[in-house]
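Chain by chain, the residues run as shown.
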Amino acid sequence: MKRKMIGLLIAGIVGAGPVLGTMAHAADEHSHGHADAVHVLKLNDGRKWASDEPLRASMMKIRDAVDVALPAMHRGDLDVARYDALGGEIEAQVANIVQNCKLDPQADEVLHAILAELLEGNEKLQGKDAKTERSAGVVQVVRSLDQYENHFEHAGFEAPRIGH
């Protein structure tokens, strides 16, 4: 059920048509290298892209949920239920972004690449990739939040830091 929801979220994210190829290509590059993903993750003529309130609110909620989970993850006592709860919160917030966020098409393309990486990390942290530790999924989500911080205007937003 959750895998289907993730698929629907990704389909909703890429529902803008031309972005489908870009996001599929970015996801493929994630598996084989990050060369083209770097092209998608670009600034707006050297400046961060504008964000809107639904995007900022949901990214803050994702950041806060991850930030709360990190100490337990570092101690090794973030249990399966808490990983799953974190994954559920991320899914809910991405759904809110898909439903309510309205960005310039170029900014939207950058956001799609970031959200694709975030959703891939979320799958891992929920244990849907048996070859990957759940904590590696959290690290990938944090990396996505860092990309958001580096590419979008959002006063006061700071991605969590993975350090011990």
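Refer to the structure printed above.
Here the structure is a predicted model, which means the values were calculated and not measured.

Caption draft 1: Up close: the overall build of the protein. Scanning the protein for helices and strands turns up seven helices and zero strands. Listed N to C, the secondary structure of the protein is α-α-α-α-α-α-α in terms of helices and strands. Within the protein, the fraction of its 164 residues that count as buried is 43%. A total accessible area of about 8,300 Å² is found for the protein, and carbon and sulfur atoms account for 55% of it.

Caption draft 2: How the structure looks around the packing of helix α4 (residues 53-75) against helix α7 (residues 134-151). Where α4 meets α7, the axes come as close as 11 Å, and the angle between the chain directions of the two elements is 140 degrees. As for how α4 packs across α7, the hand of that crossing is left-handed. When α4 is examined against α7, the residues Leu55, Arg56, Met59, Ile62, Arg63, Val66, Leu70 and Met73 are found in contact with a partner set consisting of Ser135, Val138, Val141, Val142, Leu145 and Tyr148. For the contact of α4 with α7, the class distribution of residues is 11 nonpolar, one polar and two charged.

Caption draft 3: Region of interest: the nonpolar core. Counting 33 residues, the largest nonpolar core has Leu55, Val66, Ile90, Val138, Leu145 and Phe152 as its most contacted members. Looking at this core, the elements that each hand over two or more residues are α4, α5 (80-100), α6 (105-125) and α7. Sequence-distant contacts of leucine 55, defined by excluding residues within four places in its chain, comprise Ile97, Cys101, Leu103, Leu111, Tyr148 and Phe152.

Caption draft 4: The arrangement of the environment of threonine 132 in detail. Assignment of secondary structure puts threonine 132 in the loop between α6 and α7. With relative accessibility at 21%, the residue threonine 132 sits in the partly exposed group. A polar side-chain atom of threonine 132 sits 2.8 Å from a polar atom in the side chain of aspartate 129.

Caption draft 5: Geometry of the packing of aromatic side chains. Taken as a whole, this structure holds two aromatic pairs when the rule is applied. With centroids separated by 5.5 Å and ring planes inclined at 20 degrees, the aromatic side chains of tyrosine 148 and phenylalanine 152 adopt a geometry described as stacked. Note on accessibility: tyrosine 148 and phenylalanine 152 belong to one class, buried. Here the aromatic rings of tyrosine 148 and phenylalanine 157 are separated by 4.9 Å at their centres, their planes lie at 85 degrees, and the arrangement is edge-to-face. For phenylalanine 157, a relative accessible area of 7% puts it in the buried group. The side chain of arginine 63 reaches across the aromatic face of phenylalanine 157, ending 5.6 Å from its centre.

Caption draft 6: Focus on the pattern of salt bridges. Counted according to the given criterion, the structure contains nine salt bridges. Arginine 63 is the salt-bridge partner of aspartate 64, the closest N and O atoms lying 2.6 Å from each other. For glutamate 120, the salt bridge is made with lysine 124, and the minimal N-O distance between the two is 3.5 Å. In this pair, glutamate 120 and lysine 124 are both assigned in helix α6, four residues apart and thus about one turn of the helix distant.

What counts and how
- Throughout, residues of each chain are indexed from 1 in the direction in which the sequence is written.
- In keeping with the model being predicted, local features are shown solely for residues with a pLDDT of at least 70 and side-chain atom pairs are shown and tallied solely at 80 or more, while totals for entire chains, interfaces and linings include all residues.
- To get the side-chain values, take all heavy atoms of the structure and skip hydrogens and water.
- Only DSSP runs of H or I covering at least 4 residues are called helices, and only runs of E covering at least 2 are called strands; the numbering of each starts at the N terminus.
- Burial classification: accessible surface area is computed with a 1.4 Å probe over protein chains only, and a residue below 20% of its type maximum counts as buried, one above 50% as exposed, and the rest as partly exposed.
- Method for areas: the Shrake-Rupley scheme with a 1.4 Å probe, in which residue coverage is limited to the protein chains shown.
- An axis is simply a line fitted to the C-alpha atoms; with a helix, the fit covers only the stretch in contact. Between two such axes, the angle follows the N-to-C directions and lies from 0 to 180 degrees.
- A crossing counts as left-handed when the near helix is turned anticlockwise from the far one by less than a right angle, and as right-handed when that turn is clockwise.
- Any two residues whose heavy atoms approach within 4.5 Å are treated as being in contact.
- For this classification, the nonpolar set comprises Ala, Val, Leu, Ile, Met, Phe, Trp, Tyr, Cys and Pro, the charged set comprises Asp, Glu, Lys and Arg, and every other residue, Gly included, is treated as polar.
- Joining through side-chain atoms within 4.5 Å is the link that ties buried Ala, Val, Leu, Ile, Met, Phe, Trp, Tyr and Cys residues into a set, and such a set is a nonpolar core.
- We define a polar contact as two N or O atoms separated by no more than 3.5 Å, with the added condition that, inside protein, one atom must be a possible hydrogen donor and the other a possible acceptor, whereas residues neighbouring each other in sequence contribute only through side-chain atom pairs.
- When two rings of Phe, Tyr or Trp (its six-membered ring) have centres within 6.5 Å they constitute a pair, described as stacked for plane angles under 30 degrees, edge-to-face for angles over 60, and tilted for the intermediate range.
- Throughout this description, the term charge over a ring refers to an Arg CZ or Lys NZ atom that lies within 6 Å of the ring centre and within 35 degrees of the ring normal.
- Within this document, salt bridges are pairs made up of a side-chain nitrogen of Lys or Arg and a carboxyl oxygen of Asp or Glu, the two lying within 4 Å of each other.

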